[in-house]
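Each chain, written out:
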Amino acid sequence: MHACTDLLNKANTYAEQHFADVVLSEEFLNLGIEQVCSLISSDKLTISSEEKVFEAVIAWVNHDKDIRQEFMARLMEHVRLPLLPREYLVQRVEEEALVKNSSACKDYLIEAMKYHLLPTEQRILMKSVRTRLRTPMNLPKLMVVVGGQAPKAIRSVECYDFKEERWHQVAELPSRRCRAGMVYMAGLVFAVGGFNGSLRVRTVDSYDPVKDQWTSVANMRDRRSTLGAAVLNGLLYAVGGFDGSTGLSSVEAYNIKSNEWFHVAPMNTRRSSVGVGVVGGLLYAVGGYDGASRQCLSTVECYNATTNEWTYIAEMSTRRSGAGVGVLNNLLYAVGGHDGPLVRKSVEVYDPTTNTWRQVADMNMCRRNAGVCSVNGLLYVVGGDDGSCNLASVEYYNPTTDKWTVVSSCMSTGRSYAGVTVIDKPL
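This one's a predicted model, so the numbers in the text were calculated from it and none came from an experiment.

Asks: Would you mind going over the overall build of the chain with me for this structure?
Replies: Along its length, the chain carries 11 helices and 28 strands. Its C-alpha atoms give the chain a radius of gyration of 23 Å, near enough to 22 Å, the size a compact globule of 427 residues would have. In terms of overall dimensions, the chain has a C-alpha envelope of 70 × 45 × 40 Å along the principal axes. Counting only residues that meet the buried cut, the chain has 50% of its 427 residues in that class. In the chain, of all internal contacts separated by at least 6 residues, the share reaching a separation of at least 24 is 53%. For the chain, the computed accessible surface area is about 19800 Å², with 51% contributed by carbon and sulfur atoms. Mean positive and mean negative side-chain charge positions of the chain (45 and 46 charges, respectively) differ by 5 Å.

Written out as structure tokens, the structure reads:
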């Protein structure tokens, strides 16, 4: 009305970045159809999953159902149904009365079902606005480093702000924890299992960055330290590890909605000090230590959640136990680690499309039991130990230049076996 285009753009950007909160407001429910379509069609929506968009559409229509239900097809054109999990499509979308009553909506549902039936490599051919991934504006990121050994298990948690290039302390863990698995899922950081200085534990704590507080969630079925943890299809997987007497091949998954852990197929090999990463909808378990054969491993296996099966893939060129594993540009990196007494600075990278490993530039320092994460096109390696002392330094790899650079500011504490993950900076 007042031609304040700058304010309008800022408001739109805010709505895109805080979609999940905005759609809960009365103002959203009172928007006109054009404004709702404009918002939900944006590539820049910051959402944890496309479910949020579907639920927002249903809530908006139901707010004035008699008048608005005729807009269902126009709205559903902008909901990226193919990006929703199959179970959700069948159990929620297909059962929704508003969808059932519209033949155009059914067509969008069929398109999504078809998408799920295609093999991954053929999905690329299904070019539609609804199969396109949303690319939210990058919110500022923080790297969270949780617990670790310094030289005993510690409770300290510190954050690195990439923009400010500095470290700060946040809420401590409820109890001492090192050698744990660490992931960021549904806006929370999960610290899974590990070692508290005397025992291997089954406990799991979750950290809310907005409230800056930790709470406990359901325990795992098995005690595990030096495990791998990763998120695949909205579930948190805990892979392998050591229970205090033996290396584990068992794997379990956590459902955040039901707050329950359940076992899935075990790996072919026992792996403690294992690194894991997810690429292209598959979970990879890299190297580690096989207590049965008493050796560090160069073997790698991958888990397909659809078939619930583990299969071996190409081996690394070297044995690596306690390697840091990270994913960048759909490639899987294995960083450092050790083979017996020898701590490595070498790094190799796996390309799933060719099933091959290749060497890239060495790190500046030998590291094992370091944390790895990727952010803004760079791969960060945090702490670890060089075989004699714990490291407080951080370095990052730039794949474009094939170079490692040491970050100027170190952590307050040298720590190995810490959990590391990247989160959105709470506003």
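Still more to cover.
Asks: Which parts of the structure should I look at to understand unusual backbone geometry?
Replies: Glycine aside, the phi torsion of most residues is negative, and most peptide linkages are trans. A cis amide bond links Ala150 with the next residue in sequence, Pro151, at an omega value of -10°. Mapped onto the elements of the fold, Pro151 is located in the loop between strand E1 (141–146) and strand E2 (157–161). Even without a glycine there, the phi angle at Asn259 is positive, about 55°. On the secondary structure map, Asn259 appears in the loop between strand E10 (251–255) and strand E11 (260–264). Positive phi outside glycine occurs at Arg294, with the angle close to 55°. For Arg294, a relative accessible area of 69% corresponds to the exposed category.

Asks: Could you clarify how one ought to interpret the packing of helix H8 (residues 86–93) against helix H10 (residues 103–117) in this entry?
Replies: Geometrically, a packed helix pair is captured by the angle between its two axes and the distance between the axes. The geometry of H8 relative to H10 is characterised by a closest axis approach of 10 Å and an angle of 155° between their N-to-C directions. Classified by the angle their axes make, H8 and H10 are roughly antiparallel. Handedness of the H8/H10 crossing: left-handed. Contacts between H8 and H10 involve Arg86, Leu89, Val90 and Val93 on the former and, on the latter, Leu109, Ala112, Met113 and His116. Split by residue class, the contact of H8 with H10 holds 6 nonpolar, 1 polar and 1 charged.

Asks: How should I be thinking about the environment of Ser128 in this particular structure?
Replies: Considering the arrangement of structural elements, one finds Ser128 in the loop between helix H11 (120–123) and E1. C-alpha separation for the pair Ser128 and Ile33, spaced 95 residues apart in sequence, amounts to 22 Å. Within polar-contact distance, the side chain of Ser128 engages the backbone nitrogen of Arg130 at 2.9 Å.

Asks: Any chance you could explain the sheet that holds strand E23 (residues 356–360) here in plain terms?
Replies: The pairing of strands in a sheet comes from backbone hydrogen bonds and takes either a parallel or an antiparallel form. Reading across from one edge, E18-E19-E22-E23 is the order of the 4 strands in this open sheet, with antiparallel pairing throughout. Each end of this open sheet is capped by a strand with a single partner; those strands are strand E18 (324–328) and E23. Between one strand axis and the next, the sheet turns through 25° on average, direction left out of account. Looking at chain direction, E18 and strand E19 (residues 331–335) are connected through 5 bridges and run antiparallel. Bridge assignment links Val327 to a residue of E19, and that residue is Leu332.

Asks: Can you walk me through the environment of Lys52 in this structure?
Replies: Mapping Lys52 onto the fold places it in helix H5 (residues 51–63). Assessed through its relative accessible area of 36%, Lys52 is described here as partly exposed. With 32 residues separating them along the chain, Lys52 and Ala20 place their C-alpha atoms 6.7 Å apart. Contacts of Lys52, omitting those with residues within four sequence positions, involve Phe19, Ala20 and Ile47.

So, how was this worked out
Residues numbered from 1 in each chain as written. Predicted model: local features only at pLDDT ≥ 70, side-chain atom pairs only at ≥ 80, totals over all residues. Heavy atoms only, no water. Helix = DSSP H or I, 4+ residues; strand = E, 2+ residues; numbered from the N terminus. Rg over C-alpha atoms; globule rule 2.2 N^0.38 Å. Buried < 20%, exposed > 50% of the residue type's maximum accessible area, 1.4 Å probe, protein only. Contact = heavy atoms within 4.5 Å. Areas by Shrake-Rupley, 256 points an atom, 1.4 Å probe, with all protein chains shown as cover. Lys, Arg positive; Asp, Glu negative; His and termini not counted. Charge placed at Lys NZ, Arg CZ, Asp CG, Glu CD. Axes fitted to C-alpha atoms, helices over the stretch in contact; angles between N-to-C directions. Parallel < 35°, antiparallel > 145°, perpendicular 65-115°, else oblique. Left-handed = near helix turned anticlockwise from the far one by under 90°. Nonpolar A, V, L, I, M, F, W, Y, C, P; charged D, E, K, R; others polar. Polar contact = N/O pair within 3.5 Å; in protein donor to acceptor, adjacent residues only side chain to side chain. Pairing = 2+ DSSP bridges.

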